[in-house]
Amino acid sequence: MSNDNLIETQDLSVGFPVGGKIFNKRTLMAVNEVSLSIPRGSFFGVVGESGSGKTTFGRALLNAAPITGGTAHYDDGEVSYDLGNLAGADLKEYRRRAQLIFQDPYAALSPRMTVRDIIAEPLEVMGLCNSREEVDERVREIASLCRLNLEHLRRFPHAFSGGQRQRISIARALVSKPRFVVADESVAALDVSIQADILNLLKSLQDEMGLTYLFISHDLSVVAHTCDHVAVMYLGQIMESAPTRQLFQSPRHPYTKALFSAIPSLDPDDRGKAQKLEGEIPSPTNRPSGCQFHTRCPFATDLCKREEPHLETCEAGHAVSCHRWHELQLAG
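Now for a quick tour of the structure.

Definitions and cut-offs
Here the residue numbers are simple positions, counted from 1 along each chain's written sequence. Local features in this predicted model are restricted to residues of pLDDT 70 or higher, and side-chain atom pairs are both shown and tallied only at a pLDDT of 80 or more, whereas totals for entire chains, interfaces and linings draw on every residue. Side-chain descriptors were evaluated using all non-hydrogen atoms of the structure, hydrogens and water having been removed beforehand. Strands here are runs of E lasting at least two residues and helices are runs of H or I lasting at least four, both read from the DSSP assignment and numbered beginning at the N terminus. Contact criterion: two residues are considered in contact whenever any of their non-hydrogen atoms come within 4.5 Å of each other. Paired strands, in this sense, are two strands between which DSSP finds at least two bridges. Convention adopted: a line fitted to C-alpha atoms gives each axis, helices being fitted over their contacting stretch, and angles between N-to-C directions are expressed from 0 to 180 degrees. A 1.4 Å probe that fits but cannot get out identifies a cavity on a 1 Å grid over protein atoms alone, an open set with protein on both sides within 12 Å along at least five of seven lines counts as a pocket, and a residue lines either if it has an atom within 4 Å of a point. Grid points are joined across faces, edges and corners, and a volume is the space filled by probe spheres set on the points. Residues are grouped as follows: Ala, Val, Leu, Ile, Met, Phe, Trp, Tyr, Cys and Pro are nonpolar; Asp, Glu, Lys and Arg are charged; every other residue, Gly included, is polar. Categorising residues by exposure relies on relative accessible area from a 1.4 Å probe, with only protein chains included: less than 20% of the type maximum marks a residue as buried, more than 50% marks it as exposed, and the intermediate range marks it as partly exposed. By the counting scheme adopted, Arg and Lys are positive, Glu and Asp are negative, and His together with the chain ends is not counted. Whenever Lys or Arg places a side-chain nitrogen within 4 Å of a carboxyl oxygen from Asp or Glu, that contact is recorded as a salt bridge.

**Regarding the environment of Glu124**
Take Glu124: it is sitting in helix 3 (residues 115-126). Distance from Glu124 to Val135, taken between C-alpha atoms, is 7.8 Å for residues eleven residues apart in sequence. Setting aside residues no more than four positions away along its own chain, Glu124 makes contact with Arg116 and Val135.

In structure tokens:
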């Protein structure tokens, strides 16, 4: 594992058994042979349609979903873990170092607990402090970083707006001083102006606390202005991965191009140029042969239907999984 990477996965798969106990047993492969590296201190984005496996991938890296194939390793310079074989004290320690910011700030907070108790709960459950005074000091410290004042700590969640609730959720996730944070659609439920405020907060906290984010989103405009590197997922697989600027300026995969063409634009000349993808994502229990995208790809050939492409490096840091990417690139 590279010293510069916090997390590396190799052919990571997550499958869930479905169907009957004896007959008609099938496996739903939510994540299928994903290999990527998340550098330390990065804001790493994962995008794709609903059902593409983004959330399951993030939860697998938190050890909250079963890793059924391949490997995932975590190394922050102090500790190193094989995420597929964590248990006991190592799992407890990893829970402190890896946290999740939920999508819905309304459902993520207990209505029966004060903000102080919500933020303090991870410290108390993990036994990270020796006294109530130490807990209160840590809670006040992280609340200040998340732009919450002392008066807020005495209130209940119903008294806050969506943006304030999300700041409470962020404070709860960061109070244990993690190194790795999965933000799963963490601004999707917020107004646009509030989204900008929360994203700026996440960026400032990244600098202050040395955080590494896995930012899961379907909003490409947000990803373009926030992330350092972006991976595009489809049906549990990585279709393309590249530094953000490079990916948005020169996408190589037909699926990536279709997603980018759907980004809203204020330019009247750009309206109506969205590339329409026919059909929906196939069922993960009945995957198509060959390239997973060939059933919806306008450029698919017999080769695409027969053989599955693998991630191929087309330039530094830029990888694409497509048989025809070079040909299509030349054709413009």
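**Section: the sheet that holds strand 5 (residues 80-82)**
A sheet is described by the order of its strands in space; here four strands give the open sequence 2-1-4-5, paired in antiparallel fashion. With partners counted over all chains shown, the strands left at the sheet margins are strand 2 (26-39) and strand 5, one partner each. Averaged over all pairs of adjacent strands, the angle between their axes in this sheet comes to 20°, without regard to strand direction.

**Examining the layout of surface pockets**
In this model, the largest pocket occupies a volume close to 330 Å³. Lining the largest pocket are 17 residues, and of these Arg95, Ala98, Gln99, Leu100 and Phe102 lie nearest its centre. Elements that contribute at least two residues to the lining of the largest pocket include exactly helix 2 (88-97), strand 6 (98-101), helix 3 and helix 5 (162-174). Grouping the amino acids of the lining of the largest pocket by side-chain chemistry returns eleven nonpolar, two polar and four charged. The calculated volume of the second largest pocket comes to roughly 280 Å³. Along the walls of the second largest pocket sit 17 residues, with Glu33, Ser35, Ile238, His310 and Leu311 positioned nearest its centre. It is strand 2 that contributes the most residues to the lining of the second largest pocket, five residues altogether. Split by residue class, the lining of the second largest pocket holds seven nonpolar, seven polar and three charged.

**As for the side chain of Arg172**
As for its placement among the helices and strands, Arg172 is situated in helix 5. One buried charge, Arg172, has no salt-bridge partner; the nearest side chain with opposite charge is Glu121, at 5.0 Å. Those residues in contact with Arg172 that lie beyond four places of it in its chain are Phe102, Ala108, Leu109, Ile118, Ile119 and Pro122.

**Points about empty space enclosed by the protein**
Scanning all chains against the criterion turns up one cavity of 30 Å³ or more. Counted as a void, the largest cavity has a volume near 90 Å³. As for the largest cavity, its lining consists of 14 residues, of which Cys291, Cys297, Cys304, Cys322 and His323 are closest to the centre.

**Topic: the side chain of Ser186**
The residue Ser186 is located in the loop between strand 7 (180-184) and helix 6 (192-209) in this model. Beyond its immediate chain neighbours, meaning those up to four positions away, Ser186 contacts Ile101, Phe102, Gln103, Gln166, Leu202 and Phe215.

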